[in-house]
Amino acid sequence: MPSKILVPVDGSENAKRALDQAISIAKGSNASITIVNVAEKPPTVYVESQKILNEISRMSREQASKVLDEYDALAESRGVKADSVIIEGEPAASIIAYAEKGGFDMIVMGSRGLGKFKELLLGSVSGKVVSGARCSVLIVK
């Protein structure tokens, strides 16, 4: 049974279902849960001004904070105290790196998030996490 569960969220319904599943697992195994949202940084090649880049990053972190507040409240309503973290970068790589650095033994995430068009172009975040993570990954539909 896992002792540390990482739950990447993005505001989607599948992510909410993933958190519900992680909570059920945590209650059965006394595992800790960390909810993470990845605030994507815009590619610097497309941004001419550092001021604009900083503003975009600030807005992205602000949105990530709102998403985490929602999921923290959901976990608390189910009787679980979860830690929450905002990380920056490309979602799949950031999730994998954070899981490894934090010694997580399970990642529970939704099968599809909010970025449908981007997913068509780049491939799914969940698929990349499954391929790259060294710990167990549970994909929730």
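Further up the page is the structure itself.
Rules of the game
- Residues numbered from 1 in each chain as written.
- Predicted model: local features only at pLDDT ≥ 70, side-chain atom pairs only at ≥ 80, totals over all residues.
- Heavy atoms only, no water.
- Pairing = 2+ DSSP bridges.
- Helix = DSSP H or I, 4+ residues; strand = E, 2+ residues; numbered from the N terminus.
- Axes fitted to C-alpha atoms, helices over the stretch in contact; angles between N-to-C directions.
- Contact = heavy atoms within 4.5 Å.
- Expected span 1.5 Å × (residues − 1).
- Buried < 20%, exposed > 50% of the residue type's maximum accessible area, 1.4 Å probe, protein only.
- Polar contact = N/O pair within 3.5 Å; in protein donor to acceptor, adjacent residues only side chain to side chain.

Draft legend 1. Broad picture of the sheet that holds strand 3 (residues 83-88). With respect to topology, five strands assemble into an open sheet ordered 3-2-1-4-5, the strand pairing being parallel. Because the sheet does not close on itself, it has two edges, and the strands there are strand 3 and strand 5 (136-140). Between one strand axis and the next, the sheet turns by 25 degrees as a mean value, whatever way the strands run. The sheet contact formed by strand 4 (residues 106-110) and strand 5 spans five bridges and is parallel. The residue bridging M109 from the neighbouring strand is I139, located in strand 5. Sheet strands in contact with helix 1 (residues 13-29) are strand 1 (4-8), strand 2 (32-39), strand 4 and strand 5, and its direction is about 150 degrees off that of strand 4. Packed on one face of the sheet, helix 5 (residues 125-132) meets strand 4 and strand 5 and runs near 165 degrees to strand 4.

Draft legend 2. Layout of helix 3 (residues 91-102). Here helix 3 contains 12 residues, and its C-alpha end-to-end distance of 16 Å stays within 8% of the 16 Å for a straight helix at 1.5 Å per residue. Looking at helix 3, one finds that the buried residues are P91, A92, S94, I95, I96 and A99. If you follow the buried residues of helix 3, they end up packed against strand 1, strand 2, strand 3, strand 4 and helix 5. The residue sitting at the N-terminus of helix 3 and contributing the capping side-chain oxygen is E90; that oxygen lies 3.3 Å from the backbone nitrogen of A92. One or two residues past the end of helix 3 sits G103, with phi positive at roughly 70 degrees.

Draft legend 3. Region of interest: the environment of V80. The residue V80 is located in the loop between helix 2 (50-77) and strand 3 in this model. Residues V80 and I33, 47 residues apart in the sequence, show an inter-C-alpha distance of 8.3 Å. Contacts of V80, omitting those with residues within four sequence positions, involve I23, K27, I33 and A75.

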